[in-house]
Structure formats: C-alpha cells, structure tokens
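Notes for the structure review
Letter by letter, the chains look like this.
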Amino acid sequence: MIFQAAVATGALPRPHRWIERLVDAPDLRTRRFLRAAALSFPLVVTAWSTWYDALAAREAPDAGQLLAFLAGGLSLYLVRRLPVVPSVVAPLVWAATGSCSFVMVMAVVLGARRPRGWLLVLGAYTVLHPLGLVPVPCSFRAGHVALPEETAPLLGVVLPALVGGAVGEASRLVALREDRLRLAAEVAAARAADVVAHERLRLSRDMHDLVGQNVSRMTLHASAIAARSADAEARSLATRIADTGADLLEDVHFVVGLLRDGADGTDGATGADAADGADGADGAHVASSSGPDIGTGPRARSSRSWQESIDAAERDGTVVRRHGPAAGPIARTAGLDDASSAVLDAVLAEALHNATKHAPGAAVDVRGEIWPDLVRVLVENPVTDHAPALPSGGHGLAVAAERAASVGGRVTHGVLGERFRVTVEVPR
C-alpha cells in the first residue's frame, strides 16, 4: 500500500497502530465492525435524540414525535446516495420535536463531504432559529447549556460544520498525499525500467561487438586452417573448433536477441547461461536450496542435451562411464518435467566440461539414482596434479547450483579422497 510505503520511508509520521490498521489495511473483523457501526449509527442517533428529548421535557414523547425521530433516523441511511433527503428531513424533525441532533449530524456530514449546494443548506440551517421557524433546542430548554438562546445556530450548525470540514479536509489531504506518492512511485518505476532497458541495450551491443565479433573471427580462422592444413588431425581439430565457434555464435545471437527484446519492453525468456567451470581442486561446497530463477527458461538453440554433452566429451578424448539409470535418458525414465530435465542436462554439461578441462584424458563416472521423491546424479573424475593451467572464471558450478535451486534441488561438489565429485539432486 502507498500509505505503508510512505510511513516506511519517513514521508509520513507513523500513527497509532490501531489507526493504521483501521485506515490502511483493515482485517475482516475490523471491516465487519465498521459495517456494523455504519448500520447502527442512525439507530443510535434516533435512540439518543428520543431519550434526550424526553429528559429535557420531563415527559415521554407523543406518537407524532416518535414518528419524526424514526423518520430522521431512517433518512440517515440515504446520506450517501441521496443526501438531499436527510438534509430536508433534519430541520423538519427539529421543528416537530425541538431536537436539533439530526441537524447537527447533517452539518457534520455536509461540512465533510461538501456536496453541491452544501453552503446554501448550512446557511438555511443557520437562520432557522433566528427566523422562528424551529423551537429553541431542547438542550437550551433543559438548562444544559449556559449560553444564551441566540447561540443555538453557532452550537447546532456552525461548530458541527467546522468539525466536519476539518475531518473532510484531513481525509482529502491524505488522499492527495497518497496520489502524489503513487505518482512518485510510478515515475520511479518508469525511470528504473528505463535504466534497465538502456543497460540491456548496452550489454547487447557489447556482447555483439566484443564477444560476437571475436568468436566470428575465431571461427573464420579455424575454418581457414581446416581448408589449408595438410595434416588430417589438424584439419579435424580445426573443423571442431569452427563448429564449436559457430554454435557459440548462435548462442551469443540468442542472448543478444533476448536482451534487446527485454529492452524493448517485451518479456524475454531467460536463456542458457554460458559460464566457465569452477576449478576441480576447490574445497567442498554445498549450494543453498534457495536462489534466483536462473536458466529455467527456453534454452538456446545450441544448448546441449544429456546425450549431446556425453558425445562432445567423448570426442574431446574423455572416457565417460555411465552406471545405473544414467546409462539411458534418466530424466525421461524418472518422468521429470522440462525444467528439471534442463537442470540435469546443464549440470552434467558443466561437470563434463570441468573434467575435460582440469583432468584431460581421465575417465569420468556418471551414476544415476532414482528415488521416490528425487533424482540424484553423481559425476566423478580423478584429481590430477598435471592439469593444464587454463583460465577459469569460477562461476560454472555456482550457476549450476542456482539452476538446481530454481526447481527446488541442490548441487554439491568437492574433493573426496583423490576424486572430484559433483552431485545434483532434483525433486520428482
């Protein structure tokens, strides 16, 4: 709510807690109480006016006066839809009974709501007693007011109208402040969205100009080597580099398109993340089960599936040994949804990429376990001391953990003995 935001930021002082609950966010019990109070208020005014008139006159009201009080009370139920009805009935009740309580109530209502012609009605109320159109109010007749009778318009009309005007003006001021705060919040949200859109456009341009162009240049160089080299093995490696670069270029174009779509105000899905793997010799680490929703949207066109990741690792010289349900399509066997299947594919791809990079030529064991409530996949490879010193951003397994957390799973990784293990668990 705007009121709560204003109080939290200090734009408005914090009121009493019961007032805040009553005005800003009334619960069901409070709403029922307010509804009951609104329904019973005319009855309370009618009963009080009848009792006070009898007290002032020292005799019970007759049938005509009772009907007048009843008509005045019933007319108050129309104060929202037809305010002209209680405005006319109130002075008639004063003339018939000598009680100005209904005029006082209407003076408060007219001063607070200010409907069309409210000043004329209040002016008419003010001159009723001086012109002799109504009797002296019963409070003056009973001696409960020590002021002269000439002050009846002041006490019966002017002061209640001032009270109602103060209440109405305060309500309008609060509404105006809420409108201003709402407008300021909308402007701030629009500015933030504009900043995000510009940043997305800048990132898309940088990715296209820096990453895309360099990857394209690398692909062209690899294709040239494949075309001109006389060595068959060199041609094969160059061809694989060119194919990998072409796939990566498609991924870059995919992400650039997502960024530009989001900058244009359309809903862009979250693409596959291209983060480098973490060093396999790092200490044990357990990912949190909570985190941002990363990488659960549509994957890029060149994102590898479970089998494609295994085939790519084997082409790179890695021996992949699959055990148990991991020997086949484990996600399909376990009946996982697309989001959980994508998590298993991404974590396996990252684990195999790390094993190929940090333990080249070593065998990798992939084990699968299907339980009633979860699916677990374990990827292990030996820890070697002669691994090449390749650049590593250290974000791959962190991103994998965030992917798993987005579907309620988790990723753990660390060195156990002389082997590095990555474990992913996703719920079924």
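Calculation rules
- Note that residues are indexed from 1 along each chain, following the sequence as it is written.
- Local features in this predicted model are restricted to residues whose pLDDT is 70 or higher, and side-chain atom pairs enter the listing and the counts only when it is 80 or higher, whereas totals over whole chains, interfaces and linings include all residues.
- Side-chain numbers come from the whole structure's heavy atoms, not from hydrogens or water.
- Axes, fitted as lines to C-alpha atoms, cover a helix only where it is in contact. Angles between the N-to-C directions of the axes lie from 0 to 180 degrees.
- Segments assigned H or I by DSSP are reported as helices when at least four residues long, segments assigned E as strands when at least two residues long, and all are numbered from the N terminus.
- Residues are treated as being in contact if the distance between any of their heavy atoms lies within 4.5 Å.
- The nonpolar class holds Ala, Val, Leu, Ile, Met, Phe, Trp, Tyr, Cys and Pro. Asp, Glu, Lys and Arg form the charged class, and all remaining residues, Gly among them, are polar.
- Patch members must show over 30% relative accessible area and no salt bridge, and they are joined within 9 Å when carrying like charges or within 5 Å when they are nonpolar side chains of Val, Leu, Ile, Met, Phe, Trp or Tyr.
- Per-residue and other accessible areas follow the Shrake-Rupley method at a 1.4 Å probe size, with only the shown protein chains counted as cover for residues.
- One speaks of a salt bridge when a side-chain nitrogen belonging to Lys or Arg is within 4 Å of a carboxyl oxygen belonging to Asp or Glu.
- Burial classes: relative accessible area under 20% of the type maximum marks a residue as buried, over 50% as exposed, and values in between as partly exposed (1.4 Å probe, protein chains only).
- Scored from 0 to 100, pLDDT reflects the predictor's confidence in each residue.
- Think of the arc as the fan of directions from the helix axis to the C-beta atoms.
- Pairing between strands is defined by DSSP: at least two bridges between them are needed.
- To form a nonpolar core, buried Ala, Val, Leu, Ile, Met, Phe, Trp, Tyr and Cys residues must be joined to one another through side-chain atoms within 4.5 Å.
- Here the aromatic set is Phe, Tyr and Trp, taking the six-membered ring for Trp, and pairing holds for ring centres within 6.5 Å; pairs whose planes are under 30 degrees apart are stacked, those over 60 apart are edge-to-face, and all others are tilted.

Interaxial distance between helix α3 (residues 28–57) and helix α6 (residues 101–113) falls to 10 Å at its minimum, and their mutual angle equals 145°. Mapping the contact onto sequence places F41, V45, T46, W48 and S49 in α3 and S101, F102 and V105 in α6. Looking at the contact of α3 with α6, its residues break down into five nonpolar, three polar and no charged.

Before going further, it helps to examine a nonpolar patch on the surface. Nonpolar side chains collect at one region of the surface, where L39, L43, L67, L70, L74, Y77, L78, L82, V84, V88 and L92 lie side by side and expose about 1100 Å² of accessible area between them. Elements with a minimum of two residues in the nonpolar patch: α3, α4 (63–75) and α5 (84–97). The topology assignment puts V84 in helix α5. Residue V84 is classed as exposed on the basis of its relative accessible area of 54%.

Our focus in this paragraph is the confidence of the model for the protein. Residues at a pLDDT of 70 or more form 82% of the protein, whose mean pLDDT is 79. With pLDDT under 50 throughout, residues 1–5 is counted as low confidence; its partners more than four residues away or in other chains account for 12 contacts. Note that residues 266–302 has pLDDT below 50 and, in this model, 101 contacts with residues that lie over four places away or in other chains.

As a further point, take the pattern of salt bridges. Tallied over the entire structure, the rule returns 12 salt bridges. A salt bridge links D365 to R321; its shortest N-O distance comes to 2.8 Å. Here R321 lies in strand β2 (residues 319–323) and D365 lies in strand β3 (residues 363–370), a separation of 44 residues in the sequence. Using a relative accessible area of 40% as the deciding quantity, one classes R321 as partly exposed. R376 is the partner of E425 in a salt bridge, and the nearest nitrogen-oxygen pair spans 2.7 Å. With E425 in strand β6 (residues 419–427) and R376 in strand β4 (residues 374–382), this residue pair connects regions lying 49 residues apart in the sequence. Comparing E425 with R376, the two get one shared label, buried. Within this structure, R321, D365, R367, E380, R419 and R421 form a network of salt bridges that share partners.

Here helix α7 (residues 118–128) has its buried residues at L122, Y125 and L128. Viewed along the axis of α7, the buried residues span an arc of 115°, placing them on a single side of the element. In this structure, α7 carries L119 and L120 as exposed residues pointing more than 90 degrees from its buried face. Among the structural elements, α5, α6 and α9 (152–228) are those in contact with the buried residues of α7.

What follows concerns the pairing of β6. Pairing of β4 with β6 involves nine bridges; the strand directions are antiparallel. Opposite V379, over in β6, you have V422 as the bridge partner. Here strand β5 (residues 410–416) runs beside β6; their pairing, made up of seven bridges, is antiparallel. In the sheet register, V415 faces β6, and the bridge partner there is F420. Between β5 and β6, which follow one another and run antiparallel, lie two residues, and G417 among them has a positive phi close to 70°.

A few words on the nonpolar core. Formed by 31 residues in total, the largest nonpolar core has its most connected members in W306, L344, V366, V377, V424 and V426. Where this core is concerned, the elements lending two or more residues are α11 (306–315), α12 (330–334), α13 (338–358), β3, β4, α14 (396–406) and β6. Per element, the largest residue contribution to this core is seven residues, and it comes from α13. With sequence-adjacent residues up to four places away left out, V377 is seen in contact with W306, I330, L344, V366, R367, V422, T423 and V424. Counting 21 residues, the second-largest nonpolar core is a separate cluster that includes F102, Y125, V134 and A161.

Right, let's get into the packing of aromatic side chains. Applying the stated criterion to the full structure yields two aromatic pairs. Where W51 meets Y52, the ring centres are 6.4 Å apart and the plane angle is 50°; that geometry is what we call tilted. For Y52, a relative accessible area of 12% translates into the label buried. Joined through ring pairs, the aromatic side chains of W48, W51 and Y52 make up one cluster.

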